Amino acid sequence: MYAALDLGTNNCRLLIAQPTRPGQFRVVDAFSRIVRLGEGLVSTGRLSDDAMDRAVEALRVCAAKLSGRSIRRMRLIATEACRAASNGEEFLARVTRETGLDLEIISRETEARLAVSGCSSLVGREARSVVLFDIGGGSSEIAVIRVGENRSNRLANHITHWTSLPVGVVTLSERHGGRDVTPQVFAAMVSEVEGLLDAFHCPPLAQEAPHEDFHLIGTSGTVTTLAGVHLDLPRYDRRKVDGLWLSDAEVTAMQDKLLAWDFAGRAANACIGPDRADLVLAGCAILEAIRRRWPSQRMRVADRGLREGLLTDMMADDGAWRRNRIRRAQMQGKTERKG
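Below, the structure is looked at part by part.

Conventions we followed
Residues numbered from 1 in each chain as written. Predicted model: local features only at pLDDT ≥ 70, side-chain atom pairs only at ≥ 80, totals over all residues. Heavy atoms only, no water. Helix = DSSP H or I, 4+ residues; strand = E, 2+ residues; numbered from the N terminus. Buried < 20%, exposed > 50% of the residue type's maximum accessible area, 1.4 Å probe, protein only. Pairing = 2+ DSSP bridges. Axes fitted to C-alpha atoms, helices over the stretch in contact; angles between N-to-C directions. Contact = heavy atoms within 4.5 Å.

Considerations on unusual backbone geometry
One non-glycine residue, arginine 36, lies in the positive phi region at around 50°. Structurally, arginine 36 can be placed in the loop between strand S3 (25–34) and helix H1 (41–44). For arginine 36, a relative accessible area of 18% corresponds to the buried category. Within the chain, aspartate 232 stands out as a residue other than glycine whose phi angle is a positive 55°. Residue class for aspartate 232 comes out exposed when judged on its relative accessible area of 64%.

Below, the structure is given as structure tokens:
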């Protein structure tokens, strides 16, 4: 078994899995909790005591899940909140003391590559260029991918340009307000993100490629929430959301619907809930800026990300799928000999 833990600005997530067919794995155990580690970070530059306490409590649960299993390899990462906070390293030392977990703060480039690795199976063979984005709590990673005739087994090898915007759903909503979002406030959020994207020098894609060869892939709570609202799910269902295609018109319609709802209306929706009701429109603003920069007729929704990227990379590095293939061949040979 392999384990991956991602401590972000908003969420703490754990995934334990076993390799199955090449490039795939079976989830053995999973954990996710909203901890809002980056709450107040924009104004103070530090992780608050309450936020750290919430995160440590969630990490204790993760440690308990890991301790009861035989894990071949694990990788435990922390992202933007710990990168940006003046007491980020101090907090992770506390995590190690109190939970036994040793987390590493990864770079923004590593974060972008892991997001791509985690979504590799959602990029079809017909795709020639893709813009993949991960809207986080404290930062948003964007990777431009061009796939030629010789596609590598690791999609991250096809990244031609990438950037990390120092803005996410938590930071943007804290700056502009996330509870009562008027069209004017929403426009101001979009404008801020567009300004950050202006500094990202990348050649245009959509104009060069046929529409069917280019699309967006979004991996974040924002896009999965939009998908759940679009499907009108009575409760969030990953199986129905992961891999879903949304047309450009459908994404616009969902954003308009959320903008028309007040905070109570958003909180009452089963796919948003009170924990995300003040963050989802900030995420939509980041998404809108990305869509304006890279117009596309369709977007694929990914309910996967850094944890899946970590697992995929570890299993590939270990040759786990190759070992499985050899074992299957040996078992098949024994069966045939018995027959």
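Once the structure has been displayed, the description carries forward.
Some points on the sheet that holds strand S8 (residues 159–165)
With mixed pairing, 6 strands are arranged side by side in an open sheet as S8-S7-S6-S9-S11-S10. Looking at strand neighbours, the two that pair on one side only are S8 and strand S10 (245–247), the edges of this open sheet. With strand direction ignored, the average angle separating the axes of adjacent strands in the sheet is 20°. Two strands pair when backbone bridges link them, and S10 and strand S11 (residues 298–301) are joined in this way by 3 bridges, in the antiparallel orientation. Looking at S11, one finds that serine 247 is bridged to arginine 298. Running over the sheet, helix H8 (residues 221–231) touches strand S6 (129–135), strand S9 (214–218), S10 and S11 and is turned about 100° from S11. Along the sheet face, helix H13 (residues 280–293) touches S6, strand S7 (140–146), S9 and S11 and points at about 160° away from the line of S6.

A closer look at the pairing of S3
Both strand S2 (residues 11–19) and S3 contribute to a ladder of 9 bridges, which runs antiparallel. If you follow proline 19 over to S3, its bridge partner there is phenylalanine 25. Between S2 and the antiparallel strand that follows it, S3, lie 5 residues; glycine 23 among them carries a positive phi value of about 85°.

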